[in-house]
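Spelled out from the first residue to the last, the chains are:
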Amino acid sequence: MLANDIYLDSIGVRLGRRLDLAEAAADGRYAASEHIANGLLGVTVSEDDHAPDLAVAAVRQALERSEADPADVRLLLHASAYFQGQDMWTPSSYIQHHTIGGGAPAVEVDQKSNGGLAALSLASAFLAACEDTAAVLITTGERFCLPGFDRFRTESGTVMADGGTAMLLTRRPGFARVVSCVLTSDPSLEGMYRGRTLKDAPAAGDKPLNMRGRKADFMRRHLSDLEEISLRIADGISGCLQQALAEAKCEADDIRRFVMPNNGQTVRWWGMLAEMGVERERTTWEFGRQISHLGSGDQAAALDHLLRTGQLAAGDRVLLAGAGYGFNWGAAVLEILNVPDWAAAEAS
């Protein structure tokens, strides 16, 4: 999808405290072999703030950085991957209540780790049909904690991190222009994280989810297709990325920074990027390995980091990429129009 006159106005981020993963490996919480193989160094942890509260804090920062009127927000989209603090509840409305208020619809986007990019694509399409003063607020909030989720062992290939993000999209020119957005999927792979049967109620929460167990069971039942499945997952994000580049009429060499999910280096897409000639230095690997995987919030947090650390300038193009259970993939190309004052102040 080509985006016409859709802009990023501001970003907000609230992360938990940083925990050194060497400590978690030393005391047995994180498998030492995975620590070495994945190459991740730290993870952000929130002991007190729940996922929606982290999103609220991020929204407040985004509003402080913006001159937009909260009354102009026509839609709030909240993306998340894990439990939001209560069953049968609407965290999107909670976030709206404690930030912008108003009567705009508040909607949840559930594509797990691809939720942030799914929300960006949906927001861009929605804004295209709105008046010039309209805005859309995109939020993410994640907190992965015991007893229901073991951030070190529930999933493989990464460590799950706590944090909230917010992005304000507008029709008025902002610091970046959304050039293209792409969403793709392969639903034939949904069984990888479903397990063999469905349930009558959510997990009791007395022991951590075992996502890697569901995946291992799926793989055992498809032993003859393992390489094909692995390639389909890698090709999914690769194809989505290539489509976003094509729609933006640019090549990989034209991209200043590739913002990838904060997963370990065992994940196949790092090799895919190398095959495309994209060096690790052009990605957000070094930032991501310090905080680990924020579920649906990796892309917004990394973009904020690139701006605040002076790694982007006017004219640069950035590619955001994501992947979520389902399987779903997302990619977007942004063009940096200027470095906003709030970022320049920290970068100087």
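Before reading further, recall that the structure is shown in the block above.
Residues numbered from 1 in each chain as written. Predicted model: local features only at pLDDT ≥ 70, side-chain atom pairs only at ≥ 80, totals over all residues. Heavy atoms only, no water.

### Thoughts on the pattern of salt bridges
No. 1: As enumerated under the stated definition, the model contains 22 salt bridges in all.
No. 2: Here Arg256 ties to Asp316 by a salt bridge, and the two come within 3.9 Å at their closest N and O atoms. With Arg256 in the loop between α7 (226-247) and β9 (257-259) and Asp316 in the loop between α10 (298-308) and β10 (317-324), the pair connects residues that are 60 residues apart, well separated along the chain.
No. 3: Under the relative-accessibility criterion, Asp316 is labelled buried at 17%. (Salt bridge = Lys/Arg side-chain N within 4 Å of Asp/Glu carboxyl O. Helix = DSSP H or I, 4+ residues; strand = E, 2+ residues; numbered from the N terminus. Buried < 20%, exposed > 50% of the residue type's maximum accessible area, 1.4 Å probe, protein only.)

### Overview of unusual backbone geometry
No. 1: In this structure, the amide linkage connecting Leu146 to the following residue, Pro147, adopts the cis form with an omega of 10°.
No. 2: With respect to the secondary-structure elements, Pro147 resides in the loop between β6 (135-142) and β7 (163-170).
No. 3: Looking along the chain, the bond that leaves Gly326 and enters Phe327 is cis, with omega of -10°.
No. 4: Unlike most non-glycine residues, Met88 shows phi in positive territory, near 50°.
No. 5: Locating Met88 in the fold gives a position in the loop between β4 (73-79) and α4 (91-97).
No. 6: Residue classification places Met88 among the exposed positions, given a relative accessible area of 87%.
No. 7: A positive phi angle, near 55°, is found at Lys249, a position not held by glycine.

### Remarks on the sheet that holds β7
Strands pair in a sheet through their backbones, by hydrogen bonds, and they do so in one of two ways: parallel or antiparallel.
No. 1: Taken together, the nine strands give an open sheet; going across it, the order is β5-β4-β6-β7-β1-β8-β11-β10-β9, and neighbouring strands pair in mixed fashion. Two strands close off the open sheet at either side, each with one partner strand: β5 (106-109) and β9. Within this sheet the neighbouring strands show an average axis-to-axis angle of 25°, counted without direction.
No. 2: By the bridge criterion, six bridges tie β4 to β6 in an arrangement that is parallel. From the neighbouring strand, Leu77 faces β6, where its bridge partner is Ile138.
No. 3: Along the sheet, helix α3 (residues 51-64) contacts β1 (7-15), β4, β6 and β7; its crossing angle with β1, the most-contacted strand, is approximately 135°. (Pairing = 2+ DSSP bridges. Axes fitted to C-alpha atoms, helices over the stretch in contact; angles between N-to-C directions. Contact = heavy atoms within 4.5 Å.)

### As for the layout of surface pockets
No. 1: Counted as a void, the second largest pocket has a volume near 390 Å³.
No. 2: What lines the second largest pocket is a set of 20 residues, and nearest its centre among them are Asp9, Ser66, Glu67, Ala68 and Pro173. (1 Å grid on protein atoms, 1.4 Å probe; cavity = no way out; pocket = protein on both sides within 12 Å on 5 of 7 lines; lining within 4 Å. Points joined across faces, edges and corners; volume = space filled by probe spheres on them.)

### Thoughts on α3
No. 1: The first and last C-alpha atoms of α3 sit 20 Å apart over 14 residues, in line with the 20 Å expected at 1.5 Å per residue.
No. 2: Taken together, the buried positions of α3 are occupied by Ala51, Pro52, Leu54, Ala55, Val56, Ala57, Ala58, Val59 and Ala62.
No. 3: Along its buried surface, α3 packs onto β1, β4, α4, β6 and β7. (Expected span 1.5 Å × (residues − 1).)

### Notes on the pairing of strand β11 (residues 328-336)
No. 1: Counted residue by residue, β11 has nine buried out of nine residues, so it is predominantly covered.
No. 2: With burial as the criterion, each face of β11 is covered, one bearing Asn328, Gly330, Ala332, Leu334 and Ile336 and the other bearing Trp329, Ala331, Val333 and Glu335.
No. 3: Across nine bridges, strand β8 (residues 176-185) lies against β11 in antiparallel orientation. Among the inter-strand pairings, Thr184 is bridged to a residue of β11, identified as Trp329.
No. 4: Pairing geometry for β10 and β11, over eight bridges, is antiparallel. Among the inter-strand pairings, Gly324 is bridged to a residue of β11, identified as Asn328.

### With respect to α7
No. 1: Between its terminal C-alpha atoms α7 stretches 32 Å, which fits the 32 Å expected from 22 residues at 1.5 Å a residue.
No. 2: In this structure, the buried residues of α7 make contact with β8, α6 (211-220), β9, α8 (269-275), β10 and β11.
No. 3: Of the residues flanking the end of α7, it is Lys249, one or two places downstream, whose phi is positive at about 55°.

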